[in-house]
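Read off the chains here:
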Amino acid sequence: MHLAVPLVIASALFAIGVYAVLARRNAVLVLMGVELMLNAVNLLLVAFDVYLRDTLHTGQALTLFVITIAAAEIGLGLAIVLAVFRGSATIDLDLLRTLADHDDGPDHDGPDLDAPDADEDHDTTIGRQAQRSGSPP
Amino acid sequence: MSAEARVLLAMIIVPALGSAVVALVPGPRGDRVARPLGAIFGGITLVLAVVAVLAFDHDAAGTFQLETDLSWVPALDLRFHLGVDGISLPLVLLTALLAFLCLAYTMRVMPKAAQPRAFVAVLLLLEVGLLGTFVALDLVLFFLFFEVVLIPMWFVIAVWGDSTPSSTARSAANTFILYTLLGSAVMVLGFLVVHAETGTFDLVALADGAGAGMARGTQVIAALAMLGGLAVKTPMWPLHTWLPDAHTAAPTVGSVLLAGALLKMGTYGMVRVVLPVVPEGTEALAPYLGALGVVGILYGSFACLAQTDLKRLIAYSSVGHMGFVLLGISTLTPAGINGALYANVAHGLITGLLFFVVGGIKDRHGSSSFDGVGRALYARAPRLAAILAFAAVASLGLPGLAGFWGEMLTLLGAYDPSSALPRGLYLTLMTLAGVGAVLTAAYLLQTVRRVCQGPIADAAPRRSSLEDVSSIEALAWSPLVVLVVLLGVWPGLLLGLTDPAVATLLGTGG
Amino acid sequence: MTPALAAILVPALAALVGLTALGRSRRAAAVAVGGAFVTFAVTAGTAIANVVDGVADSASYGLIPNGTAPMQVALRLDGLSATVAIMVAAVALAVQIYSVSYLGGDPRYPSYAALISLFTAAMMLVVHADDLIILLIGWEVMGICSYFLVAHHWELRDARRAGVKAFLVTRIGDIAFMFGIFGLGLGSGTFKISDLELLVGDDLMAGNTLTVVTLLLLAGVVGKSAQLPLQVWLPDAMAGPTPVSALIHAATMVAAGVFLVARLYDVFLAAPATLAVLAVIAAITMLGAALAALVQPDIKRVLAYSTISQLAYMLAALGVQAYEAGMFHLITHGAFKALLFLAAGALIHVVGTNLLPEMGGLRRIMPVTFVTMTIGLAALIGIPPFSGFFSKEAIFVGAEEAIHDGSAATAWVPWFVLVVAMITVTVTAAYATRLWLLAFFGTRSAPAQPHEVGWTMRGPLVVLATATVGLGVIGLRNDWFPAWLDRLTFTVEPAGITDLVPAEATLLAPGLVTSIASLVLAAIGAGLTYLSWRRTTADPARLLGRLEPVLDRGFGVDSLYDRIVVRPARRIAAATLVADRDVVGAAVTGSGTVSQRLGAAVRRSQDGDLQRYLTVLLAGTVLVIVAAWTAAGT
């Protein structure tokens, strides 16, 4: 078999995987896309191992590693997806925006730095031994 | 190296040590001993500064003396190079004196936010930065000490300062630190340009080289960057807006050190770093420097005429006085630069005294605005009012007091500037500065009239008599009063030091 | 040199010691009067030595290194300084003694006395200075003492305003004065006055430059001596205590301007255009001030305008190169004007008000004051044998000479001066007579303390009156006074300075024609006033009708200045504050706002869309690989 056959198949698989990761809304489908990319890489590894007639068979050895790691990773990924589903009742990635940086801070209204006595400022007190004693006038 | 030469190093180490000691003494005992301890360390530093003055060879005031030259970062060719000459010595003494007076004053008068340990530690750290800037002879070392000043000052203003309805102490401190940091960033770019062209950071070597090896265009760029950064510190119009808010918010000793020492760093940097290292660049930019200085004089004076708050008024007056210093530097003549250096020192003494007195007035009345202070202070606290009037008269440049010589020599320099500069422009600047001097007299006498004089029945509604000058105030203020008179009647004291140094500066600078 | 040093340091020391006596009036009085007495003794000794032998000494106490032309702490002692110094010291002593009872009950007396001592020291510094910068120092210290003393009664609004106004108006002149000093010093290479005098003969600097420089110096003179256009401060400065007016605003500080022209006379002679300007300004001021004095209800304001007018006489004399005549009038005027002010103070003390219409008939209650003041007024009008007659006549004669000596081009100046001066004689007589009649004659006012003032106040009056009578003698011998002044006269040709020659017999004796003319004119003025007074025993000035308010307000110069200087300055000040907050300050806070908005804009890319992050990551990686590939390829 010509080398081109597994190369083309692997590239096609990789491309489909990339599409699935970047463009699908369902989180499980994204994970499936990741699997596709990993297996495309596996295919390439084996194909080149045979093509280059490697005596140590490093390609095929690495493929075994990749399969194992992919399995572990997909288990973990699905566990996370399940947890997210339990928390937000959705696995639509377009709706899961909690990592966004809002204008008023990551997840609460930020400190008002111009208020007269913002005692609780966490980003302005640099570690000194100064402790606020009485309340300001 | 001889003991004498180590005195500058000791002068920087002692306050740093003091700061650490004061901060680390534990528990309530630490709070009790913090202020006396601070005054002691300040006193030791002052003694060291006096020793430096005595060890200084006044006949060779144009050369760098008492040098400490240690290898610091060999890989980058950085040296820990300290030294003083006729230009920096008066400023060192002034700073040490003001810092000591502030620390002594703190023994009895603390800002409202208490915490004496932290306050004294911060003040001592501030002193380290100030003194270090004036004795550093390596560009990176200069920059280092320049920056060391910023953080302690931020704390002094933000933690121990007073808020007003229009701006809080925190925002004033933020404006101060961000603005001056921006200036420093631009300045360090200039330093890097210089280093890239000449290969050294050492100020002595750079001054000797006098811009050799740097094309005129490069010099102008470097000068522009360095002057831009130093101009924020001066403060030069239009980069001055941080100063009024910072002064209004700062506590008394903070204002004294800010006006008396911090503001000197900018113009000192111009004379020490920019003028000798990139003379052609300075020459190209000098007319603009002078023009902006004069704008500052007039702008500051006009702003003062309409002011209703004492501390803000003195802040704007500082913009005006530093405008004179800038004009003097921009003339690039011995008379002008002597005048600028004299005005620098005189301003430190006079404005330091003014802020001390106004701080005392503010503590007594709870406010520094005209309405809050009331009128007829001559009747309520005669000695206090008399010192305020004296300081105001000194500030307007009355001959016979320290302020006169600086202003006069500056204007003399502008009358006959360096031959490379346009004389017509400088004559115009001189005339406008003269108008500014009249306006200065106007607003200062207006202030005395508004605060010290007035119908006796109009005195502040709350009380008709106040505690007059206390003993700690008399102690802290009298050295300043004496020096203002001394430098007014014996100008040779200061000019004898600066004139040879200026001659060397301009001689090598071309 | 010791006399000069003593004359300066003794009052300065008295001032310093006086500061320690705050709150203890008796000690302060002792220190002040004692210091003034010692100063007087020293200056009297020097003056006598000058009359007998001539004095000439100079010393330099140190160089002030400044990088350009040398400045030094240099003092000199010569005829001019000795003559003026004794006048200053005499008036200062009289004023200190007088003040002891005039201000005796005032709790602020100690600081007042110390300030007067300081002022005396400053004036002595001006008189003995041999360096322009040192002169400037004394000049300005006098100004600040004047400020503090005028605002002595700072609880009164008029005093507060007047103090600031006095200082600021003179400061304007002083800044220009300083610029003139720069020009003179840098142009000639030295700030030392005795060196300048020698250099002047050698073509000191280009004619135009010298004219500009001397005009700048003139600005300072005009400010200190209250001439047009800077005369507005002197009438208002009458808000200060009367002894202050006597010392500062009659005899000494305002005379400093005249003294300066005399001291630098050689320089001024080399710039004839400036002297012409001086003469013209003086002539206009002379008449204008006299007219204003005619209608003032306040007795001190009459005397203030009178001072302006008489100073104009002196400056006009100097302007037409009648140097000795001008200085003669300076000395006599110092005596009789101080006398008039102190006498006015006595009247005010007794009657309790400054206003002339409320006085009257005081000659019976206060005989000594009446006699001495009459003497003073007679000297002012120029009636023989009082000193004022001789000194004024000397000026007229000097103007006449200038008409004959001068070239055709500038001959109109001395003519103008002479004519105006003659007219002013009439007006002077008119206002002096008005003052005399309103104060001492007519219906008796009801004063609070109907008795003559005490001897500490009467004594100085008598002494000054004696001087007023006696000083006229000086003019009788032509060579006395010029010799005392050490005057080496240049002969002035139209082309310029030619030669240094010893003083020729300068005529100080009265000329026949001018004497008769001036006496007739004075009689007319006095007579008209008397007749008007007879018609209405209220203020005869009322008869001037619509003219009265114009003259009362000093021809409206004050309100003009208010409109073109004070109010615009206040408006610019308010605008500056607004601009600082909204323009310059807005730029700074605006940078903060811009940064925040930029941050918000960049933050929009952090929208939580994981897949977009990955897409960007992928695209970036591809770009880096391609870039590395092409870079490696080249």
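Values in this document were obtained by computation on a predicted structure and should not be read as measured data.

A. Molecular detail of helix α1 (residues 4-23) of chain A. Taking 1.5 Å per residue as the helical rise, α1(A) with its 20 residues ought to reach 28 Å, and the 28 Å between its terminal C-alpha atoms agrees with that figure. Within α1(A), the full set of buried residues consists of Pro6(A), Ala10(A), Gly17(A), Val18(A), Ala20(A) and Val21(A). Mapping the buried residues of α1(A) onto a view down its axis gives an arc of 160°, with all of them on the same face. Buried residues along α1(A) sit in contact with α2 (27-51) of chain A together with α25 (610-633) of chain C.

B. View of the packing of aromatic side chains. All names here are of chain A. The tally for this structure, following the rule as stated, stands at 28 aromatic pairs over all chains. Aromatic pair Phe 48 and Tyr 51: ring centres 6.3 Å apart, planes at 85°, arrangement edge-to-face. Linking Phe 48 with Tyr 51, this pair stays in helix α2, spanning 3 residues, or about one helical turn. Classification of Tyr 51 as exposed rests on a relative accessible area of 51%.

C. Representation of the interface of chain B and chain C. At the interface, 56 residues of chain B touch 44 residues of chain C. Carbon and sulfur atoms supply 76% of the area buried between chain B and chain C, which totals about 4,200 Å² over both sides. Counting every contact that joins chain B to chain C gives 0 salt bridges. Our count for the contact surface shared by chain B and chain C stands at 8 residue pairs in polar contact (both at pLDDT 80 or more). Broken down by secondary-structure element, the contributors of at least two residues to the side of chain B that touches chain C are α12 (279-305), α14 (334-365), α16 (377-380), α17 (382-395), α18 (402-415), α19 (423-451) and α21 (492-509) of chain B. For the side of chain B that touches chain C, the element with the highest residue contribution is α19(B), accounting for 11 residues. Classifying every residue of the side of chain B that touches chain C by side-chain character gives 38 nonpolar, 13 polar and 5 charged.

D. The pattern of salt bridges, seen in detail. A complete count under the given rule lists 23 salt bridges over all chains for this structure. Two residues, Arg263(C) and Asp78(C), come together in a salt bridge whose shortest N-O distance is 3.0 Å. Placement of Arg263(C) in helix α11 (residues 253-263) and of Asp78(C) in the loop between β2 (71-77) and α3 (79-102) is noted, with a sequence separation of 185 residues between them. Considered together, Arg263(C) and Asp78(C) belong to a single accessibility category, that of buried residues. Of the charged contacts in the structure, one is a salt bridge between Asp236(C) and Lys165(C), with a shortest N-O distance of 2.4 Å. A residue pair is termed long-range when its members are at least 10 positions apart, and Asp236(C) in helix α9 (residues 233-236) and Lys165(C) in helix α6 (residues 157-188) qualify at 71 residues. Salt bridges sharing partners connect three or more residues here, namely Arg97(A), Asp607(C), Asp609(C) and Arg612(C).

E. Just the confidence of the model for chain A, in detail. Here chain A averages 81 in pLDDT, and 74% of its residues register 70 or above. Of the regions scoring below 50 in pLDDT, residues 118-137 of chain A engages in 20 contacts with residues more than four places distant in sequence or in other chains.

F. Here's a closer look at the packing of α18(B) against α19(B). Residues and elements named next belong to chain B. Relative to each other, α18 and α19 sit at 155°, their axes nearing to 8 Å. Between α18 and α19, the interaxial angle falls into the category roughly antiparallel. Residue-level contacts link Glu 407, Leu 411, Ala 414 and Tyr 415 of α18 to Arg 423, Tyr 426, Leu 427, Met 430, Ala 433 and Ala 437 of α19.

G. Quick look at the state of the cysteines. All names here are of chain B. Applying the stated rule across the entire model yields 0 disulfides over all chains. With no disulfide of its own, Cys 304 lies closest to Cys 452 among cysteine sulfurs, the gap being 16 Å. Judged by relative accessible area, Cys 304 falls into the buried class, the value being 0%.

H. Quick peek at the pairing of strand β2 (residues 78-84) of chain B. Residue and element names in this part refer to chain B. Of all 7 residues making up β2, 6 are buried, and the element is well covered by its neighbours. With 6 bridges connecting them, strand β1 (residues 65-73) and β2 associate as antiparallel partners. Pairing of Gln 65 across the sheet is with Val 84, part of β2. Joining the antiparallel neighbours β1 and β2 is a turn of 4 residues, in which Asp 77 adopts a positive phi near 60°.

I. Examining the pairing of β2(C) more closely. All names here are of chain C. Counted residue by residue, β2 has 6 buried out of 7 residues, so it is predominantly covered. Of the pairings in the sheet, the one linking strand β1 (residues 57-64) to β2 comprises 6 bridges and is antiparallel in character. Counted as the bridge partner of Asp 57 is Leu 77 from β2. Counted between consecutive antiparallel strands, the loop separating β1 from β2 contains 6 residues, among which Gly 67 sits at a positive phi close to 95°.

Calculation rules
Residues numbered from 1 in each chain as written. Chains lettered and ligands numbered in written order. Predicted model: local features only at pLDDT ≥ 70, side-chain atom pairs only at ≥ 80, totals over all residues. Heavy atoms only, no water. Helix = DSSP H or I, 4+ residues; strand = E, 2+ residues; numbered from the N terminus. Expected span 1.5 Å × (residues − 1). Buried < 20%, exposed > 50% of the residue type's maximum accessible area, 1.4 Å probe, protein only. Arc of directions from axis to C-beta. Contact = heavy atoms within 4.5 Å. Phe/Tyr/Trp six-rings, centres within 6.5 Å; stacked < 30°, edge-to-face > 60°. Buried area = accessible area lost by both parts, 1.4 Å probe. Salt bridge = Lys/Arg side-chain N within 4 Å of Asp/Glu carboxyl O. Polar contact = N/O pair within 3.5 Å; in protein donor to acceptor, adjacent residues only side chain to side chain. Nonpolar A, V, L, I, M, F, W, Y, C, P; charged D, E, K, R; others polar. pLDDT = per-residue confidence, 0-100. Axes fitted to C-alpha atoms, helices over the stretch in contact; angles between N-to-C directions. Parallel < 35°, antiparallel > 145°, perpendicular 65-115°, else oblique. Disulfide = S-S within 2.5 Å. Pairing = 2+ DSSP bridges.

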